[in-house]
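The chain contents come next:
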Amino acid sequence: MTRYRFDYLYRPGRTLAEPALHELSREISALGARCLEPLPDYQVFLGTRDAFADKIVTTARDSDGTLVAFCSCVLLPMQAGEVLHLGLTCVAPELRGSRLSSTLAQRLITRYYVTQKLYRRLWMTSVACVLSVLGNVACRFRRVYPTPWQLRPFSSDVDAIASEFDRRFRHVAYVRPDATFDRETFVFRGSGRGTAFQKEAEAVEFHHRDPALNEFYKRRLRFEDGDELLQIACFDLLDVVRYPIDDLLAIGRRRASQRTGGHA
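Residues numbered from 1 in each chain as written. Predicted model: local features only at pLDDT ≥ 70, side-chain atom pairs only at ≥ 80, totals over all residues. Heavy atoms only, no water.

(A) Focus on the overall build of the protein chain. Across its full length, the protein chain holds 9 helices and 9 strands. By its C-alpha atoms, the protein chain is 55 × 40 × 35 Å across when sized along the principal axes. Here the protein chain holds 264 residues, and the buried ones make up 52% of them. Counting contacts in the protein chain only where the partners sit at least 6 residues apart, residues at least 24 apart contribute 71% of the total. For the protein chain, the accessible area works out to roughly 12800 Å², and carbon and sulfur atoms hold 51% of it. In the protein chain, which carries 38 positive and 32 negative side-chain charges, the distance between the mean positions of the two groups comes to 6 Å. (Helix = DSSP H or I, 4+ residues; strand = E, 2+ residues; numbered from the N terminus. Buried < 20%, exposed > 50% of the residue type's maximum accessible area, 1.4 Å probe, protein only. Contact = heavy atoms within 4.5 Å. Areas by Shrake-Rupley, 256 points an atom, 1.4 Å probe, with all protein chains shown as cover. Lys, Arg positive; Asp, Glu negative; His and termini not counted. Charge placed at Lys NZ, Arg CZ, Asp CG, Glu CD.)

Here's what the structure looks like:
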């Protein structure tokens, strides 16, 4: 991944000057239009300062500075504390399969956890029907519901977060207002119908590498209706060791440099 330059932007709607924010928005929408048809009118695609104010964005640029991928997550103020919604990732079509999406997500979650959570528990949500996304979330974290090995919520907080997400935050995942949340399966019925996010069950390019995970999630979802599944994950210090340590080392070097007055 050294061929790319990665950047981490924490709440850029609160920190970037207007020209920089406008250019970031333009680049993100241009890349999004290459990945999603039609381009959904939500998340950072709205292009406003408010749309970037509650987001964390990681970007990847090639050697000439062109944006080739980004990951945008939403910070949700919930009763359980600040919850990270794993949101939106776009990778240039010619670079799919390059692991850029997982690299961007890893960098974002690790940096946020270390700098903002101070090694406390981090709750995360994700809504998707893409089997590779569902499978990746299931595999990357120790505690995720629902998964084939976690058939019941592992904490009372899981049900509470799901209920609050359904009541207050379904818009952050572009869930249709008329969708119904099935609390037994954690599926939003019909949530992605007619949108760029609706997929076919047999679209193998969107499948996870583990056939058993594909089958588990396919049994819960009616793809022809546009169903999407809500996953809730919990991340803590033990999960950090499962992620690449490059970001942690870079943060340590940067802080040491700041203390000594040098450059990172």
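(B) Quick peek at the packing of aromatic side chains. With the rule as written, the count across this model stands at 13 aromatic pairs. Within the aromatic cluster, the residues linked to one another by ring pairs are Y145, F165, F181, F186 and F188. Above the plane of the ring of Y8 lies R111, whose end atom (NZ or CZ) is 5.3 Å from the centre. (Phe/Tyr/Trp six-rings, centres within 6.5 Å; stacked < 30°, edge-to-face > 60°. Lys NZ or Arg CZ within 6 Å of the ring centre and 35° of its normal.)

(C) Fine view of the pattern of salt bridges. Taken as a whole and judged by the stated rule, the model has 20 salt bridges. One salt bridge connects D166 with R170, and the closest N-O pair in it is separated by 2.5 Å. Note on accessibility: D166 and R170 belong to one class, buried. For D182, the salt bridge goes to R189, with nearest N and O atoms at 3.3 Å. The class of D182 is partly exposed, set by a relative accessible area of 22%. Among the ionic contacts, a cluster of salt bridges with common partners joins D182, R189, R222, D225 and D227. (Salt bridge = Lys/Arg side-chain N within 4 Å of Asp/Glu carboxyl O.)

(D) Quick peek at the state of the cysteines. Applying the stated rule across the entire model yields 0 disulfides. Sulfur of C73: no disulfide; nearest cysteine sulfur belongs to C71 and is 4.0 Å away. C139 takes part in no disulfide bond, and the closest cysteine sulfur, belonging to C234, lies 17 Å away. (Disulfide = S-S within 2.5 Å.)

(E) Geometry of the pairing of strand 4 (residues 81-91). Note that strand 3 (residues 67-78) and strand 4 share 9 bridges and pair antiparallel. Residue pairing across strands places F70 opposite C90, the latter belonging to strand 4. As judged from the 2 bridges shared by strand 4 and strand 5 (residues 122-128), these two strands associate in the parallel manner. Across the sheet, residue L84 finds its bridge partner in strand 5, namely M124. (Pairing = 2+ DSSP bridges.)

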